[in-house]
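Coordinate inspection notes
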Amino acid sequence: MKKFLALLCAVAMLSVFAVSASALGTEVVVPAKTGGIKVTVIDDFSSYSGEYLAAGSTLYKFENGKLLLDFEAGGWAYGGPNAASPSAGLEGIADAYNNAAYIGLKVKNTGEGVASIAFEKDGSGEGQWMTQLFVADGCKLVSAANGVQDATYTDISAAYRGHAVDIPAGFDGYLFIPFSSMRAFNDDTVTGATNALCMIKDIHFAGTCNNTPTILEIDNLCLAADLTVDPNLDGGQDTADLSVIAYAAAAITGCGALVVARKRK
């Protein structure tokens, strides 16, 4: 009987993990100096591999579950590899976009110069080389060192019809772009705009690096309902993993209670 109950506990734990794995995205906490911000990661860059030279002079290199964007000095980024984001095919992804206010990325500038980036509107057709950031307003840089800060921008509209967000040398945190500044809400040709019209389907960026060669390390495509810093959240904790552990612990406790009850009988 004890073996049966132990097996039952194990099955319960596995079912909890299975439910978590099938859920849309993973909830993580972004460190923001005085607390943390909850976001939902929809693509952790673990499904890509290889190296690709973009249509500009920027190298895309997927390595160890991250994207390295390697800018030449004075180089431009536009176009990109045929790297379709699996997040676009997730069940419920349109609702997840529509319930969010920001789309974000984990970004680390490992170089000595400023690099400016934005999502491309689309990876093909009329949208190629057009940035998704229509209005240079509302973007935030969030880090453990400095909290939530207003971003600055570089105008690349002369060649690439849009704006890009400046990532300072040494920055290590998250970039958040509000959907209200993206093209679905600011393009006169679009009616009935929703956040889902801004969905990232291909891992393509537009941008530039004007001064020195710079490498951006990119990870964790995510959605955020808001950027409210909760002082009770410890940045760096994976809240989804913690909840799984809690449920597993509860399952173990429940099984233990069954064993005790059985003994008493």
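Keep in mind that what you see is a predicted model, and the values were worked out from it rather than measured.

1. Comments concerning the confidence of the model for the chain
Averaged over every residue, the pLDDT of the chain is 78; the share at 70 or more is 75%. This model gives residues 1-23 a pLDDT under 50, and the stretch forms 18 contacts once residues within four places in sequence are excluded. Ignoring residues within four places in sequence, the model shows residues 236-265, a span with pLDDT below 50, making 31 contacts including any to other chains.

2. Here's the deal with the sheet that holds strand β12 (residues 163-167)
Here we have five strands laid out as an open sheet, ordered β6-β14-β8-β12-β11, and antiparallel in their pairing. The sheet is open, and its two edges are formed by β6 (75-77) and β11 (153-155), each paired on a single side. On average, each strand axis in the sheet is tilted by 25 degrees relative to the strand beside it, whichever way the strands run. Sheet analysis places β11 next to β12, joined by three bridges and oriented antiparallel.

3. Let's talk about the nonpolar core
Counting residues in hydrophobic clusters, the biggest one holds 47 residues, and the most contacted among them are Tyr97, Ile103 and Phe205. With sequence-adjacent residues up to four places away left out, Phe205 is seen in contact with Tyr60, Leu67, Leu69, Ala77, Tyr78, Gly79, Leu105, Ile117, Ala118, Phe119, Glu120 and Ile218. Grouped together as the second largest cluster of nonpolar side chains are 13 residues, Val30, Tyr102, Phe176 and Cys222 included.

4. Quick notes on the pattern of salt bridges
Pairing is possible between side chains that carry opposite charge, provided their charged atoms lie close to one another. The tally for this structure, following the rule as stated, stands at five salt bridges. Glu63 serves as the salt-bridge partner of Lys61, at 3.2 Å between the closest nitrogen and oxygen. The class of Lys61 is partly exposed, set by a relative accessible area of 26%. Among the ionic pairs, Asp150 bridges to Lys140, the shortest N-O distance being 2.3 Å. Taken as a pair, Asp150 in strand β10 (residues 147-150) and Lys140 in strand β9 (residues 140-143) lie far apart in primary sequence, 10 residues in all. By sharing partners, the salt bridges in this structure join Glu51, Lys61 and Glu63 into a single network.

5. Let's talk about unusual backbone geometry
Not every positive phi belongs to a glycine, and Phe45 is a case in point at roughly 65 degrees. Its relative accessible area of 1% is what places Phe45 among the buried residues. Of note, Asn64 is a non-glycine position whose phi angle comes to about 55 degrees, a positive value. Among the structural elements, Asn64 can be located in the loop between β4 (59-63) and β5 (66-71).

6. Digging into the pairing of strand β13 (residues 172-178)
Along β13, six of the seven residues are buried, which leaves the element largely enclosed by surrounding structure. Where strand β7 (residues 102-109) lies against β13, seven bridges are found, and the strand directions are antiparallel. Residue pairing in the sheet places Gly104 in a bridge with Phe176 of β13. For β9 and β13, the ladder comprises three bridges, and the chain directions are antiparallel. Residue pairing for β13: Val142 is matched across the bridge by Tyr174.

The rules we used
- Residues numbered from 1 in each chain as written.
- Predicted model: local features only at pLDDT ≥ 70, side-chain atom pairs only at ≥ 80, totals over all residues.
- Heavy atoms only, no water.
- pLDDT = per-residue confidence, 0-100.
- Contact = heavy atoms within 4.5 Å.
- Pairing = 2+ DSSP bridges.
- Helix = DSSP H or I, 4+ residues; strand = E, 2+ residues; numbered from the N terminus.
- Axes fitted to C-alpha atoms, helices over the stretch in contact; angles between N-to-C directions.
- Core = buried A, V, L, I, M, F, W, Y, C linked by side-chain atoms within 4.5 Å.
- Buried < 20%, exposed > 50% of the residue type's maximum accessible area, 1.4 Å probe, protein only.
- Salt bridge = Lys/Arg side-chain N within 4 Å of Asp/Glu carboxyl O.

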